[in-house]
Amino acid sequence: EAGVAQSPRYKIIEKRQSVAFWCNPISGHATLYWYQQILGQGPKLLIQFQNNGVVDDSQLPKDRFSAERLKGVDSTLKIQPAKLEDSAVYLCASRPLAGRSYEQYFGPGTRLTVT
Amino acid sequence: EDKVVQSPLSLVVHEGDTVTLNCSYEVTNFRSLLWYKQEKKAPTFLFMLTSSGIEKKSGRLSSILDKKELFSILNITATQTGDSAIYLCAAPSNAGGTSYGKLTFGQGTILTVHP
């Protein structure tokens, strides 16, 4: 079974530029999550999709961050314009809808450096 | 607001030592607690604990949950350099009435095992 794919793996941009990250979840997983992990901290949820609908975006800075999941499969997360404090690893995770396990499957992450 | 706290934040040991990592939680409608290992890539799932007092074991790793005192521990015996990683604990959060398994993470414990 292929895992969660993310690209790019690394990105360096200057502040005020824009950037986009891509995630392809495990086939058949209805739920998709984007997390932000700042160095020295645990991952923090940015947005959660159920199929192509948003379930929770309460911690997404909507003035600069946006995300979509067209057709309920792939997802993109965009930052525009980026700030220095956006430097972090952005993790995508997925989980099947059915079942009692809360295990989420994580991708390798995109390390963003804003200079 | 749901909260997960880990201790210690970092730990340095020598190969062969035994370590105990701690995780305490305050979560509304607690369902389970998960442990992940994070090296320089995606967090990988270790355990999910639902019932108090039942130890889960995988090789040299074991974990147990105490729902009365609201904490979990992760033990690693006979540590090896390959155990060096960040260990994260997390709890599914039902805040806002959703039941889709958003994870609230602790800040992680950085374990370094020297030869």
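The preceding data block contains the structure.
Predicted model only: the values in this text are computed from it and were never measured.

Rules used throughout
Residues numbered from 1 in each chain as written. Chains lettered and ligands numbered in written order. Predicted model: local features only at pLDDT ≥ 70, side-chain atom pairs only at ≥ 80, totals over all residues. Heavy atoms only, no water. Helix = DSSP H or I, 4+ residues; strand = E, 2+ residues; numbered from the N terminus. Rg over C-alpha atoms; globule rule 2.2 N^0.38 Å. Buried < 20%, exposed > 50% of the residue type's maximum accessible area, 1.4 Å probe, protein only. Salt bridge = Lys/Arg side-chain N within 4 Å of Asp/Glu carboxyl O.

### So, the overall build of chain A
Inference 1: Along its length, chain A carries 0 helices and 11 strands.
Inference 2: Along chain A, helices and strands appear, N-terminal first, in the series β-β-β-β-β-β-β-β-β-β-β.
Inference 3: Here the C-alpha atoms of chain A give a radius of gyration of 13 Å, agreeing with the 13 Å that 2.2 N^0.38 yields for 115 residues.
Inference 4: With respect to the three principal axes, the spread of C-alpha positions in chain A is 40 × 25 × 25 Å.

### Some remarks on unusual backbone geometry
Inference 1: The linkage connecting Ser 7 of chain A with the following residue, Pro 8 of chain A, adopts the cis geometry, with an omega of -5°.
Inference 2: For Pro 8 of chain A, the location among the structural elements is in the loop between strand S1 (5-7) and strand S2 (10-13).
Inference 3: Geometrically, the link from Ser 7 of chain B to Pro 8 of chain B is a cis peptide bond, its omega value of -10° lying close to zero.
Inference 4: Of note, Pro 8 of chain B is situated in the loop between strand S1 (3-7) and strand S2 (10-14).
Inference 5: Phi is positive for Asn 51 of chain A, close to 55°, though the residue is something other than glycine.
Inference 6: Structurally, the position occupied by Asn 51 of chain A is in the loop between strand S5 (44-50) and strand S6 (53-56).
Inference 7: The class for Asn 51 of chain A is partly exposed, based on a relative accessible area of 38%.

### Regarding the pattern of salt bridges
Inference 1: Within this structure, the stated rule accounts for 4 salt bridges over all chains.
Inference 2: The salt bridge involving Asp 56 of chain A is made with Lys 102 of chain B; its shortest N-O contact spans 3.7 Å. Note that Asp 56 of chain A is positioned in strand S6 and Lys 102 of chain B in strand S10 (residues 102-105), a pairing that runs across two chains.
Inference 3: Residue Asp 56 of chain A is classed as buried on the basis of its relative accessible area, which comes to 11%.
Inference 4: The partner of Arg 64 of chain A in a salt bridge is Asp 86 of chain A, and the shortest N-O contact between them spans 2.5 Å.

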